[in-house]
Amino acid sequence: MIRTLIRREFLDNLLSFKFIACVLVAIVLTAISTVILADNYRDRLDDYSKGMASAREALSKVPAYSFLAVNIYEKPSTLSIFAPGIESKSGSFVTLTHREIPSFLKGGLKKNEFASIFSFFDLSSIVIGIFSILAILLAYGSISGEKESGVLSLALSNAVPRAEFLVGKYLGGIISLAVAVLCCFLGGSLILLFSKSVALEAGFFLSFLLIYLFSLLYLSSVLLLGILVSSLTKSSFQSLIVILAFYLAAVFLLPLAINSAADGASTRKARNYDRNIDALLNERSASLERATLGIPVKRTWAFMKWDTQTDTVILGRLNPPETIAHYESLFERTEKLKEEYALRIHTLREEDVRVREKIDRVRNAVLTLLPPSCFVRAAELEAGTGREAQHRFFQQVNAYWHQYVRYLDEKNAFSLSYAYPYPRELPASDKVLVDEIQRVFAEKKGPLWASPAFGEIGKRNKKHEQEIRPLDLGDMPAFVYRRDEFAQRLRAWFVNVLVLAGDNLLLFALAYFAFARYDPRMEI
Amino acid sequence: MTMFRHLLTRQLAEDITSFRFQVYAVLILASLVAFAIIFSGQHHGRLEDFSRSAIENSQHLRSSASSLVNLIWTKQTILMEPQGVRFISDGHEGQMPQGLAVTMLGTRMVPEPADSGTAMLSSPDLTSVVQIVFSFFALVLTFNAVSYEKEKGTLRLLLSNSVLRTKFLLAKYLGAVMTVGIPFVIGLILCLVLISLRDIPIFSGGVMTVVLLFVMISLLYLSFFILLGLFCSTAGRGSKGSLVLCLLCWVLVVVILPKSAGPLLHLRTFSVPTGETIAEEARLAGREVWNRHKGESIIAGSPEADSTKLNVKVMNEATQAEEGVYDHYLDKKIRAVKTLMAANCVSPASLFEYATSAAAGTGLAHFARFRSQVVQYQNDLIRFFKAQDMQDKESPHLYFHPDYVSKKSFDSSAIPEFRERGPRLLERAKDAAAYGAGLILYNAIMFGIVFIRFQTYDVR
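What you are looking at is a predicted structure, and each value in this text was computed from that prediction instead of being measured. (Residues numbered from 1 in each chain as written. Chains lettered and ligands numbered in written order. Predicted model: local features only at pLDDT ≥ 70, side-chain atom pairs only at ≥ 80, totals over all residues.)

Digging into the overall build of chain A
A count of helical and extended segments in chain A gives 14 helices and four strands. Over its C-alpha atoms chain A spans a radius of gyration of 33 Å, topping by over 25% the 24 Å that the globule rule assigns to 524 residues. By its C-alpha atoms, chain A is 115 × 45 × 35 Å across when sized along the principal axes. When the 524 residues of chain A are sorted by exposure, 42% land in the buried category. (Helix = DSSP H or I, 4+ residues; strand = E, 2+ residues; numbered from the N terminus. Rg over C-alpha atoms; globule rule 2.2 N^0.38 Å. Buried ≥ 20, exposed ≤ 12 C-beta atoms within 10 Å, placed from the backbone.)

Listed below in structure tokens is the structure:
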């Protein structure tokens, strides 16, 4: 009997105008979104491989440790085509030096600061936008509508148990939805399969299947809510009004309110943090100044290439010995100090991150109670495109920073060679020049640059610069980004799926009770 | 006329006592109250940030400009003033640059706050409530306005009773407008009172004109949805068919279409390099100016020497070239976003959003206004600088080479400070009018379609 019920329900749905219209619209939108987001993904992948190549090249050309900066790129995930999360909106790489533990992503395709006005629809917003509406349309008349048409009293009088009727309705609905969503997911993955240059990673299809199942779990809860409301109201029209109100609240209003409130709280905390960071930065520059003053230095002239913006420096080859001696002890102090402050700032930042995470946990806990947000989060967690994945990336970068700093220590990088890639001893011909300038400088006869030897030194220094051999960084530890294993991802979205399943069970039980007490007679 | 009035009151009475009206009125009022509370909390936080930054900036300006020459490089971080009208339309200000870092000779953008929005579509403002909830309400109210009367049989009765089709349609339309208008007006007043109770001055002349503009734009927007509902109600087969049509139209117009222009930003015409590349390009542009004068004698020496004058001139040209690169890209970014906004206007929901944001003077319009005021302020600073420099008899007055201007200390409390001025009403109305005209066009088209459709509607 139940098979007949399911088949009837399924065929009814499949041939209805609403079903065909919704599925057609959804397929068209999926196709558009997949093509465009795949294009965007290719762009980012291109950026990534170009960035990696240029980072490798840059590492092969580092003249001295002061110029050493490691660019680490985050590889875009293929699943971001279907569940973009925040991945496509944030930057794509970090720059790591001993002076700073990276805390934000730079570059990326978000180059226009005003572009956040625009967003784009993806598969999850199609599930929430179109398929939720379809689920509502399938469910709102399931009980009250059948009553209105008189079918309900007929069916029940024909010895169909109420439980079976309800299960038949539910299964018929969910199977139709499964078919509809499958069409879209298949369409999307076919486009990817046939589009060139999107190589699908291993495990892509598993994740894709999981996201499909999550969306079914979500849609099933919408369907059950529809059936529940339908068996609580007298007319199908009334149930529709109520369900749509739920839809608006759960999809738009409540997430908006919850997110704004949480963002507000998070920004309030961030204010204190900003102030502390500012204080620490001031302290840093003060201690740097002290460290520089602490060394008794005989003021002398110096040739160097200094870039204050990137904090990089190369000392000229033809500097007097005093200058060389001065910098030899200076770098050891200042760079160690910078390292220390990088760590302290990072610790402070961690505290801030912890506070924000606490707020985020509350936010997520509340959002989990709303099936649409719960579904989107589960999909993002599986795809690894959400905030959590980014946080994990930074954790790994942080771990790498410690490795990197240890490497610098081993190499004794903050000695003079930090910014002086030449042998200590001057060739005799150069030494004559230096002595000459020393003499002019000491006697203070007119401006230094008026001396012809000064111009000569400048020229020779330029030539020396071209002779610098790049550092051999072959033994430097490389950063390897490890995406979460399946077990870790499972642990991340497990709660969300559990809650969604719980929603389903609860709604089913409620619908069952409501329907058991339902009066199937037509109003005359 | 009496017939028409009768039709209208019948319609109104029916709508207001209906179940759907009650459900959605409750939903709307609840969300408006919640949003008002959330907004006032956020706004106080923003104000606090803004005034602290203004004070810090002012202190920094006084302390670092110890002598006149330092004024050239003193960098001020000037933030955009958070406005109370953001409750009416936020215009995505939270996800935009917060302001400009200004020196006498150039400006850079101050990036948006680090935690700007969890990929949120909209902010808790009146615009999003009208855009999403009220439009939905308008459709729910009208999706079966005609088909239901037909199913009940009252449509035939009415029309055979020599009621003109036009009048019937107009009564339906006006009835719906009023029904939507009631919770709208009540909600609006409630919100404004709530917000002003939380110490945000909202009952001022400026804000009230914005509110008035907002009401007009909202009515245009909602009228479109009412007409859309009426159309669906005559187009679909029966109430159920028109319902499906309505919901799909709504999802397309409100959810999908406003999100469709985003990817166009990756087109070559709109693309801009990253911040790092722009900085590099600017540096090269500056160097290029110096290179152009390579053979000439441009060594700075005594202030009277021609070579010094040329040096200063080239230096200023180089600075201008550098700043020109930054300005060029900023202009390009804004132009790209504006073009895409125009492309997004295929959806009335986007049109509405942009119209309210223009009326309130928030969002991109705010930034553009702020930027032009900052440029004016830079000119004021330069004028002040030159006036001060003129008072120093020893200064060679060669601007803006640090070696050839006054190095004396001066009265730093006299340095002009930046004050942001609000938009003029005329400016705002003009900005909003273009979008408003779009909405009127949509209404006219929709009205035409509904009218023709209903004239040929089979009432049997």
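Notes on the overall build of chain B
Regarding its fold elements, chain B presents 13 helices and three strands. Relative to the compact-globule value of 23 Å for 460 residues, chain B shows a C-alpha radius of gyration of 29 Å, a clear excess of over 25%. Seen through its principal axes, chain B has C-alpha atoms that stretch 100 × 50 × 40 Å. Per-residue burial for chain B yields a buried fraction of 42% across its 460 residues. Long-range contacts, defined here as pairs at least 24 residues apart, represent 80% of the contacts in chain B between residues at least 6 apart. (Contact = placed C-beta atoms within 7 Å.)

Quick look at the pairing of strand β3 (residues 107-110) of chain B
Residues and elements named next belong to chain B. Where strand β2 (residues 99-102) and β3 come together, four bridges link them in antiparallel fashion. The residue of β3 that forms the bridge with Ala101 is Arg108. Linkage of β2 to β3, two consecutive antiparallel strands, is achieved through a turn of four residues. (Pairing = 2+ DSSP bridges.)

Quick look at the interface of chain B and chain A
The interface of chain B with chain A comprises 58 residues on the first partner and 50 residues on the second. Listed by contribution, the elements that provide at least two residues to the side of chain B that touches chain A are α2 (19-64), α3 (126-142), α8 (238-256) and α10 (306-344) of chain B. Of all the elements, α2(B) adds the most residues to the side of chain B that touches chain A, at 13 residues. Of the residues belonging to the side of chain B that touches chain A, the class tally is 37 nonpolar, 15 polar and six charged. (Nonpolar A, V, L, I, M, F, W, Y, C, P; charged D, E, K, R; others polar.)

Some points on the nonpolar core
Grouped together as the largest cluster of nonpolar side chains are 208 residues, with contacts concentrated most on A:Leu134, A:Leu223 and A:Leu248. In contact with A:Leu223, not counting residues within four places along its chain, are A:Ala135, A:Leu138, A:Ala139, A:Tyr170, A:Gly173, A:Ile174 and A:Leu177. (Core = buried A, V, L, I, M, F, W, Y, C linked by C-beta atoms within 7 Å.)

Remarks on helix α12 (residues 428-443) of chain A
Spanning 16 residues, α12(A) covers 23 Å between terminal C-alpha atoms, matching the ideal 22 Å at 1.5 Å per step. Of the residues one or two after α12(A), A:Lys444 is the one with positive phi, at around 55 degrees. (Expected span 1.5 Å × (residues − 1).)

A word on the packing of helix α2 (residues 17-59) of chain A against helix α3 (residues 123-139) of chain A
Residue and element names in this part refer to chain A. With their axes 10 Å apart at the nearest point, α2 and α3 run at an angle of 180 degrees to one another. Classed by the angle they form, the pair α2 and α3 counts as roughly antiparallel. Judged by residue contacts, Lys18, Phe19, Cys22, Val25, Ala26, Leu29, Thr30 and Ser33 of α2 engage Leu123, Ile126, Ile130, Phe131, Ile133, Leu134 and Leu137 from α3. Its residues assigned to classes, the contact of α2 with α3 shows twelve nonpolar, two polar and one charged. (Axes fitted to C-alpha atoms, helices over the stretch in contact; angles between N-to-C directions. Parallel < 35°, antiparallel > 145°, perpendicular 65-115°, else oblique.)

Things to note about the domain arrangement of chain A
All names here are of chain A. Entries for chain A in the domain assignment read domain 1 (2-46 + 122-268 + 370-401 + 480-516) and domain 2 (269-360 + 402-467). Look at where the C-alpha atoms of domain 1 and domain 2 centre, and you get two points 58 Å apart. Contacts between domain 1 and domain 2 engage nine residues on the former and ten residues on the latter. Secondary structure elements with two or more residues in the side of domain 1 that touches domain 2: α8 (236-293) and α11 (387-410). (Domains from an automatic or database assignment.)

A short note on unusual backbone geometry
Negative phi is the rule for most residues except glycine; trans is the rule for most peptide bonds. Residues and elements named next belong to chain B. Residue Tyr399 is joined to Phe400 through a cis peptide bond whose omega torsion reads -5 degrees. Counting through the fold element by element, Phe400 comes out in the loop between α12 (364-391) and α13 (425-455). In the Ramachandran plot, His92 falls in the positive-phi region, its phi being about 60 degrees despite a non-glycine side chain. With respect to the helices and strands, His92 occurs in the loop between β1 (76-79) and β2. Backbone geometry at His397 places phi at a positive 55 degrees, although glycine is not the residue there. Counting through the fold element by element, His397 comes out in the loop between α12 and α13.

Overview of the sheet that holds β2(B)
Residue and element names in this part refer to chain B. Reading across the sheet, the three strands line up as β1-β2-β3 and stay open at both edges, with antiparallel pairing between neighbours. In this open sheet, the two edge strands, each paired with only one partner strand, are β1 and β3. Adjacent strand axes in the sheet meet at a mean angle of 30 degrees, parallel and antiparallel pairs treated alike. Two strands pair when backbone bridges link them, and β1 and β2 are joined in this way by four bridges, in the antiparallel orientation. Within β2, the residue paired with Gln76 across the bridge is Val102. Sitting on the sheet, α12 touches β1, β2 and β3, and the angle it makes with β2 is about 20 degrees.

Considerations on the packing of α3(B) against α8(B)
Two quantities define a packed helix pair, namely the angle between the axes and the distance from one axis to the other. Residues and elements named next belong to chain B. In contact at an axis separation of 11 Å, α3 and α8 are set at 160 degrees when each is read in the N-to-C sense. Here α8 runs roughly antiparallel to α3, going by the angle between their axes. Of the two possible hands of crossing, α3 and α8 adopt the one that is right-handed. Facing Gln131, Ile132, Ser135, Phe136 and Leu139 of α3, the residues of α8 in contact are Cys246, Trp250 and Val254. When grouped by side-chain class, the residues that make up the contact of α3 with α8 number six nonpolar, two polar and no charged. (Left-handed = near helix turned anticlockwise from the far one by under 90°.)

Focus: helix α1 (residues 2-14) of chain A
Since the α-helix turns once every 3.6 residues, residues separated by three or four places project in the same direction. Residues and elements named next belong to chain A. For α1, spanning 13 residues, the distance from its first C-alpha to its last is 18 Å, which sits close to the expected 18 Å at 1.5 Å a residue. Considered for burial, the residues of α1 that qualify are Ile6, Glu9 and Asn13. Projected onto a plane normal to the axis of α1, the buried residues spread over an arc of 70 degrees and lie on a single side. Seen from the buried face of α1, the exposed residues on the opposite side, beyond 90 degrees, are Arg3, Thr4 and Leu11. Structurally, α1 contributes buried residues whose contacts are with α2, α3 and α6 (162-194). (Arc of directions from axis to C-beta.)

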